[in-house]
Every structure is written in C-alpha cells, then in structure tokens.
Amino acid sequence: MPNTKKHAGGRPTALKPEFIDQAYNYCLLGATDAQLAGFFGVSEKTINTWKKQAPEFADSLKRGKMLADAQVANSLFQRATGYSCPETKVNIADGRVILTDITKHHSPDTTAAIFWLKNRQPDKWRDKVEVNGSLKLDKETLDMIETQFVTKMAAAHERQKAVLAEREARPEAE
C-alpha cells in the first residue's frame, strides 16, 4: 500500500492504491512510463518517484512490462518458425451451415526470422559488414587506376560530342 501520509517537507503523494493494478494492466498493453504519466495526469518524474517510494507500484510496472514483452517475443518466434492453430471452417450446402474443425498451418515468415536473428545474433546477421584494416594501394596500382579513368572519361567525352553533333545535324521536326 503506498504511503499516503504527509511527508516531512512535502505534499502527500498522489499515488492511490488502485493505481497499482491500473498501472499493471496498462503496462500489459505496452504502455511506457511517459504514457503512464499521461494516464495518471502526472509527470514522468512523478512516476519515477512513485517507483522509488512504493516498491509494489514499481513491481507492478516490471511484471506488466515483462509479461507484455514475453508475449510479443513468443508471437514473433511463432511467426519466424511457423505455427499451427485450430480453426473452424464454415460452409453452406443445401441451405445448411456446416462447421468443420481444421488445423490451419502458417508457414514461417522470412521477415520475422530476419528480425529475430538480427536482434538475437547481431554479429552474425547484421547488414553492415565490418572491414578490418585499411585499403593500401601501391603507386603502380594507383597509376593504373588513373590511366583507366582518364581513358574512359575521354571516350565518354567523345561520345557526348558525337551525340550533340548528331542532334545539331538533324532538321527540326515540324
């Protein structure tokens, strides 16, 4: 139960006993501390104060957030690996509704698998490739690259001049 007695040198806390269950339930929905502050009409700093002053309030937030995160992680894992679930198929034959219980199979989802792996094993699955060391080119290689660049640029310039000359030689369409 939160301490609602007047503190020495301050106002009584606005934390009410019912806030503990409300905070837990709101955290199950994915609420952040900032959203909780808005819900209770206080600042985020007040939420942090309540967590320090009332361990049962802090515990309700931890439990709610942990359970919500675990449910999302489980759902992501199922999407990544594929899963089966019961379903009822509805058909109409000869004016009668026929309900058939089936098991629906969902194939693994590539995007979910990639997300899972990138977060669980970032060193093995990240997109960014780390290159160790630096690129060192000797003078001969640099000279060869420069020669190729100059040659290709000259050829491109000649092609450009030819295209422009061809465009000028054509009579304008009327």
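Above: the structure in question.
Residues numbered from 1 in each chain as written. Predicted model: local features only at pLDDT ≥ 70, side-chain atom pairs only at ≥ 80, totals over all residues. Heavy atoms only, no water.

### Some thoughts on the side chain of Ser60
Inference 1: With respect to the helices and strands, Ser60 occurs in helix H4 (residues 55–81).
Inference 2: For Ser60, the side chain forms a polar contact with the main-chain oxygen of Ile20, separated by 3.3 Å.
Inference 3: A polar side-chain atom of Ser60 sits 2.7 Å from the main-chain carbonyl oxygen of Phe57. (Helix = DSSP H or I, 4+ residues; strand = E, 2+ residues; numbered from the N terminus. Polar contact = N/O pair within 3.5 Å; in protein donor to acceptor, adjacent residues only side chain to side chain.)

### Here's the deal with H4
Inference 1: Along its 27 residues, H4 runs 38 Å from first to last C-alpha, staying within 8% of the 39 Å computed at 1.5 Å per residue.
Inference 2: Listed in full, the buried residues belonging to H4 are Phe57, Ala58, Ser60, Leu61, Gly64, Ala68 and Ala80.
Inference 3: Positive phi appears at Gly82, one or two residues downstream of H4, with a value of about 90°. (Expected span 1.5 Å × (residues − 1). Buried < 20%, exposed > 50% of the residue type's maximum accessible area, 1.4 Å probe, protein only.)

### A closer look at a nonpolar patch on the surface
Inference 1: Taken together, the side chains of Leu135, Leu137, Leu142, Met144 and Ile145 define a hydrophobic patch exposed on the protein surface, amounting to about 500 Å² of accessible area.
Inference 2: With respect to the element layout, Ile145 can be found in helix H7 (residues 139–169). (Patch = residues over 30% accessible without salt bridge, like charges linked within 9 Å, V, L, I, M, F, W, Y side chains within 5 Å. Areas by Shrake-Rupley, 256 points an atom, 1.4 Å probe, with all protein chains shown as cover. Salt bridge = Lys/Arg side-chain N within 4 Å of Asp/Glu carboxyl O.)

### A short note on the packing of aromatic side chains
Inference 1: What the rule picks out here adds up to seven aromatic pairs.
Inference 2: Ring plane angle 40° and centroid distance 5.7 Å describe the contact between Phe19 and Trp50, whose orientation is recorded as tilted. With Phe19 in helix H1 (residues 18–28) and Trp50 in helix H3 (residues 44–53), this pair connects stretches of sequence that are 31 residues apart.
Inference 3: In this structure Phe19 comes out as buried when scored by relative accessible area, which is 11%.
Inference 4: Put simply, the rings of Phe19, Tyr26, Phe39, Phe40, Trp50 and Phe57 pair up and form one aromatic cluster. (Phe/Tyr/Trp six-rings, centres within 6.5 Å; stacked < 30°, edge-to-face > 60°.)

### What about the side chain of Asp33?
Inference 1: Of note, Asp33 is situated in helix H2 (residues 33–40).
Inference 2: On the basis of relative accessibility, which here comes to 12%, the residue Asp33 falls in the buried class.

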